[in-house]
Amino acid sequence: MLATLIADDKLRLLNMSIFARHFGERVFKIVRIFGNDLRKYTPFSEINAVNRNNVTTLNLRYNPLRNYQSSITSYKVTHSEQNDFFLKSSSLFLSAGILSFFGLEKDDEKESELITTIKRGVLLTQKEEFKKAEQMFHLALKLAQEQQNYDGITFIYDMLANLAYDQEEYQKAEKLFVSVIQRLLSTGVSTTDNKVIHISLKLANIYKIQKDFRKAEEGFKFCKNHLQASVESGKKDEDTVLLWAMALDGYARFLVDAARLPEAFICFQKAYDLCVEINGEENEEIVVLLNDLGTICFIQNDLDKAVSFLKQAIAIGNKLPDMKDFSSVLLNLGTVYMKKGMVEEAKQSYEAAWKNAKQHKNSEVLKEVSSCMDELHHAKTG
């Protein structure tokens, strides 16, 4: 059973991570949010206020994935954690200004009360004042319902769904996401439209968290297969290709949980190829995907390949001074070297990890490096 496989002490996932056990009880990892964390944004990138016959109508536009930034975060891992790659995102709409997000400019006429209320909810969400944001969105929802503003209601439902997810209220989030999909479909949107697939990926992850593994796998495969079909039929726009990469990545992590490592490796490899195709090699997403590929090799005891992938990741990461958790990759390479008995190489990697973690004030990695250095010292003296 899948639940039994998840308990395997060699395999763990936290957020978008793969873990590898080494010497005793220490677990190392890199946690990342691939490309564009699905929970960081609504599938609607813009909401324009249009006045028709004295009634404000909100026109929703699909969220282009490339407008959002990625981030990588490290966490302490324990046996009980069941976090996934959508978990603990930061603010919504990271790279778009609030006014431009809503299709408004500073010289626009006074905006409607509904738009103002939604914007206040967004600002509260950015400040991570989730309860206040929820209250504000409920006020906006009441206004939208009074105006019979169908698109506005759909948008607010999606915002409330993301808020519920941020607060780990998964049943509430699930119901709201399903409502958003139903409302989209009722307006003629196809089940294979990117907006619907985008939300379906979130639902697949919710089912995974809830341990409904059958529905989770069906969801991931639905998204992955339809996006692949879209691209192969000629829809090769950047947003669709990146969404396909995200679906592959999400399914890969599901497969790692199920100890289906060869399948997971294939999915990660394809996600890597797509990311290189769209964004080139010198970015954080590529560093993290190479780390994942190396970690799968480590788990399968293919240490030479693990070293190869991790060294590729480090060569790119060295060109990304702002990558806050690059130290985790350096730490991982040191651990692989230790497993290979290459003590001096391990020492150099640990020292590089320490320096990088100190530079970025990464206390979690500093703690891990200290533990690794102690192990290395005992290996040399024992």
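If you're wondering where the values come from, they're calculated on a predicted model, not measured in any experiment. (Residues numbered from 1 in each chain as written. Predicted model: local features only at pLDDT ≥ 70, side-chain atom pairs only at ≥ 80, totals over all residues. Heavy atoms only, no water.)

*Asks:* Please set out the overall build of the protein chain residue by residue, giving values where relevant.
*Replies:* When helices and strands are counted, the protein chain shows 15 helices and six strands. Relative to its full complement of 382 residues, the protein chain shows a buried share of 55%. Summed over all atoms, the accessible surface of the protein chain reaches about 16,700 Å², with 49% contributed by carbon and sulfur. (Helix = DSSP H or I, 4+ residues; strand = E, 2+ residues; numbered from the N terminus. Buried < 20%, exposed > 50% of the residue type's maximum accessible area, 1.4 Å probe, protein only. Areas by Shrake-Rupley, 256 points an atom, 1.4 Å probe, with all protein chains shown as cover.)

*Asks:* Outline the pattern of salt bridges, listing residues and values.
*Replies:* By the definition in use, this model includes 13 salt bridges. With a closest N to O distance of 3.6 Å, Lys132 and Glu129 form a salt bridge. With a shortest N-O distance of 3.5 Å, Lys208 and Asp257 are connected by a salt bridge. Taken together, the residues Lys208 in helix H7 (residues 194-209) and Asp257 in helix H9 (residues 238-257) connect sequence positions 49 residues apart. Under the relative-accessibility criterion, Lys208 is labelled buried at 4%. Through salt bridges with shared partners, a single network forms among Lys131, Glu134, Glu169 and Lys172. (Salt bridge = Lys/Arg side-chain N within 4 Å of Asp/Glu carboxyl O.)

*Asks:* Please set out the packing of helix H6 (residues 170-186) against H7 residue by residue, giving values where relevant.
*Replies:* Axis separation between H6 and H7 bottoms out at 10 Å; the angle between their running directions is 155°. Here H7 runs roughly antiparallel to H6, going by the angle between their axes. Every pair of crossing elements has a handedness; the one defined by H6 and H7 is left-handed. Along the contact surface, H6 presents Tyr170, Ala173, Glu174, Phe177, Val178, Val180, Ile181, Leu184 and Leu185, while H7 presents Lys195, Val196, Ile199, Ser200, Lys202, Leu203, Ile206, Tyr207 and Ile209. Here the contact of H6 with H7 is built from residues that sort into 14 nonpolar, one polar and three charged. (Axes fitted to C-alpha atoms, helices over the stretch in contact; angles between N-to-C directions. Parallel < 35°, antiparallel > 145°, perpendicular 65-115°, else oblique. Left-handed = near helix turned anticlockwise from the far one by under 90°. Contact = heavy atoms within 4.5 Å. Nonpolar A, V, L, I, M, F, W, Y, C, P; charged D, E, K, R; others polar.)

*Asks:* Got a sec to walk through the packing of aromatic side chains? Specific residues and values, please.
*Replies:* Evaluation of the coordinates by the stated rule reveals four aromatic pairs. With 5.0 Å between their ring centres and 75° between their planes, Tyr165 and Tyr170 make a pair best called edge-to-face. Overall, the relative accessible area of 0% leaves Tyr165 in the buried class. What makes Tyr170 buried here is its relative accessible area of 13%. Each ring, one from Phe265 and one from Phe309, has its centre 5.9 Å from the other, and the planes form 65°; the classification is edge-to-face. Here Phe309 lies in helix H12 (residues 303-317) and Phe265 lies in helix H10 (residues 261-279), a separation of 44 residues in the sequence. Put simply, the rings of Phe220, Tyr251 and Phe254 touch in pairs and so form one group of aromatic residues. (Phe/Tyr/Trp six-rings, centres within 6.5 Å; stacked < 30°, edge-to-face > 60°.)

*Asks:* Quick one: what's the story with the nonpolar core, residue by residue and with numbers?
*Replies:* Grouped together as the largest cluster of nonpolar side chains are 102 residues, with contacts concentrated most on Ile118, Phe137, Ile156, Phe177, Val287 and Tyr350. It is H9 that contributes the most residues to this core, 12 residues altogether. (Core = buried A, V, L, I, M, F, W, Y, C linked by side-chain atoms within 4.5 Å.)

*Asks:* Outline unusual backbone geometry, supporting the account with residue identities and numerical values.
*Replies:* Backbone geometry at Glu128 places phi at a positive 65°, although glycine is not the residue there. Note that Glu128 resides in the loop between helix H3 (113-126) and helix H4 (130-146). We classify Glu128 as partly exposed; its relative accessible area is 47%. The phi torsion at Gln148 lies on the positive side, around 55°, for a residue other than glycine. Tracing the backbone through its elements, the reader meets Gln148 in the loop between H4 and helix H5 (150-166). Residue classification places Gln148 among the exposed residues on the basis of a relative accessible area of 71%.

*Asks:* Before we move on, could you go through the confidence of the model for the protein chain and cite the residues and values that matter?
*Replies:* For the protein chain, the mean per-residue pLDDT works out to 76, and 71% of the residues sit at or above 70. Counting contacts from residues 1-41, a segment whose pLDDT is below 50, to residues more than four positions away or on other chains yields 188 contacts. Contacts of residues 45-110 to residues separated by more than four positions or lying in other chains number 209 contacts, the stretch itself having pLDDT below 50. (pLDDT = per-residue confidence, 0-100.)

*Asks:* Pulling in residues and values, what's your account of the environment of Lys215?
*Replies:* Turning to its location among the elements, Lys215 is positioned in helix H8 (residues 213-232). Looking at Lys215, the relative accessible area reads 28%, which means it is partly exposed. Spatially, the C-alpha atom of Lys215 lies 9.6 Å from that of Asn205, the residues being 10 residues apart in sequence. The residues touching Lys215, leaving out its near neighbours within four places in the chain, are Glu174 and Tyr207.

*Asks:* Kindly report on the environment of Leu160, identifying the contributing residues and their values.
*Replies:* If you trace the backbone, Leu160 turns up in helix H5. Separated by 22 residues in the primary sequence, Leu160 and His138 place their C-alpha atoms 8.3 Å from one another. Apart from the residues within four sequence positions on either side, Leu160 is in contact with Glu134, Phe137, His138, Leu141 and Leu176.

*Asks:* Please set out the side chain of Asn356 residue by residue, giving values where relevant.
*Replies:* The residue Asn356 is located in helix H14 (residues 343-359) in this model. Every residue in contact with Asn356, bar those within four places of it in the chain, is listed here: Met323, Lys324, Phe326, Ser327 and Leu330.

*Asks:* How would you sum up H14? Please name residues and give values.
*Replies:* When the terminal C-alpha atoms of H14 are compared, their 24 Å separation across 17 residues agrees well with the 24 Å that a helix rising 1.5 Å per residue should span. Every buried residue of H14 is listed here: Ala346, Ser349, Tyr350, Ala353, Asn356 and Ala357. The buried residues of H14 occupy one face: seen down the axis, they fall within an arc of 130°. Residues of H14 that are exposed and point more than 90 degrees away from the buried face comprise Gln348, Lys355, Lys358 and Gln359. Looking one or two places after H14, you find Lys361, whose phi comes out positive at around 55°. (Expected span 1.5 Å × (residues − 1). Arc of directions from axis to C-beta.)

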